[in-house]
Amino acid sequence: EPEVTQTPSHQVTQMGQEVILRCVPISNHLYFYWYRQILGQKVEFLVSFYNNEISEKSEIFDDQFSVERPDGSNFTLKIRSTKLEDSAMYFCASSPAPGPYEQYFGPGTRLTVT
Amino acid sequence: DQQVKQNSPSLSVQEGRISILNCDYTNSMFDYFLWYKKYPAEGPTFLISISSIKDKNEDGRFTVFLNKSAKHLSLHIVPSQPGDSAVYFCAVEYGNKLVFGAGTILRVKS
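Notes on the structure follow. (Residues numbered from 1 in each chain as written. Chains lettered and ligands numbered in written order. Predicted model: local features only at pLDDT ≥ 70, side-chain atom pairs only at ≥ 80, totals over all residues. Heavy atoms only, no water.)

A closer look at the environment of A:Val43
Phase 1 of the analysis: Inspection of the secondary structure assignment puts A:Val43 in strand E5 (residues 43–50).
Phase 2 of the analysis: Judged by relative accessible area, which is 3%, A:Val43 ranks as buried.
Phase 3 of the analysis: Between the C-alpha atoms of A:Val43 and A:Tyr90, which are 47 residues apart in sequence, the distance is 9.1 Å.
Phase 4 of the analysis: Excluding its chain neighbours within four sequence positions, the residues that come into contact with A:Val43 are A:Tyr35, A:Arg36, A:Gln37, B:Phe89 and B:Phe100. (Helix = DSSP H or I, 4+ residues; strand = E, 2+ residues; numbered from the N terminus. Buried < 20%, exposed > 50% of the residue type's maximum accessible area, 1.4 Å probe, protein only. Contact = heavy atoms within 4.5 Å.)

Okay, structure coming up:
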């Protein structure tokens, strides 16, 4: 069964450093998303991406964040200058069509900013 | 921001019995609702969904009920199995994103 994959599973970085989180969405899916879950809190939407551009972004997704689809298979989330409060699980998701449709999630990357 | 509420943080059920997980929402414009299951150190896994034109959707042991007038949905799992022990998230599709509830931890005792 096709699945969304994410690398790395755990990333530790120092405050102020740049990180890139990588995702490989399901191959025939066209819509891509990033969500995050801070420990003990809800899963929160960050950004959606379609046809090589951002469809929607949340207030969390400020200028420190960017997304890219550098090739036909990868989808990345970059945080330019990490802060302590960026520590969270980051989930990538994809769907074959826009809503209403279920989204399929990857296993997540645990980002720890020290 | 409490658009989707799951008021029960946890639920404990005996194996073989019914598990009922509840979810309330605030916006009557929401029209597509989903349930996800999440194990520790894994991503959310899609379980079942329902559109606002229906009041029930069934898939094997899982049934979702939607009460639009009460802005309430519930997930029934019958019979519950120990492998169902996980965190269950209610979500609504809104715009081009999912809005999640806080989750309910389900423990199925054998």
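Here's the deal with unusual backbone geometry
Phase 1 of the analysis: In this structure, A:Pro8 follows A:Thr7 across a cis peptide bond, with omega equal to -10°.
Phase 2 of the analysis: Mapped onto the secondary structure, A:Pro8 falls in the loop between strand E1 (5–7) and strand E2 (10–13).
Phase 3 of the analysis: Of the consecutive residues B:Val78 and B:Pro79, the connecting peptide bond is found in the cis state with omega at -10°.
Phase 4 of the analysis: Following the sequence through the fold, B:Pro79 ends up in the loop between strand E8 (72–77) and strand E9 (86–94).
Phase 5 of the analysis: Even without glycine at this site, A:Asn52 takes up a positive phi of about 65°.
Phase 6 of the analysis: Assignment of secondary structure puts A:Asn52 in the loop between E5 and strand E6 (53–57).
Phase 7 of the analysis: Even without being a glycine, B:Ala41 presents a positive backbone phi close to 65°.
Phase 8 of the analysis: With respect to the element layout, B:Ala41 can be found in the loop between strand E4 (32–38) and strand E5 (45–51).

Quick notes on the environment of B:His72
Residues and elements named next belong to chain B.
Phase 1 of the analysis: Locating His-72 in the fold gives a position in strand E8.
Phase 2 of the analysis: Look at His-72 and you get partly exposed, because its relative accessible area is 22%.
Phase 3 of the analysis: Put simply, His-72 and Asn-22 are 50 residues apart on the chain and 7.4 Å apart in space, counted from C-alpha to C-alpha.
Phase 4 of the analysis: Excluding anything up to four places from it in sequence, His-72 contacts Asn-22, Cys-23, Asp-24, Tyr-25, Phe-65, Leu-66 and Asn-67.

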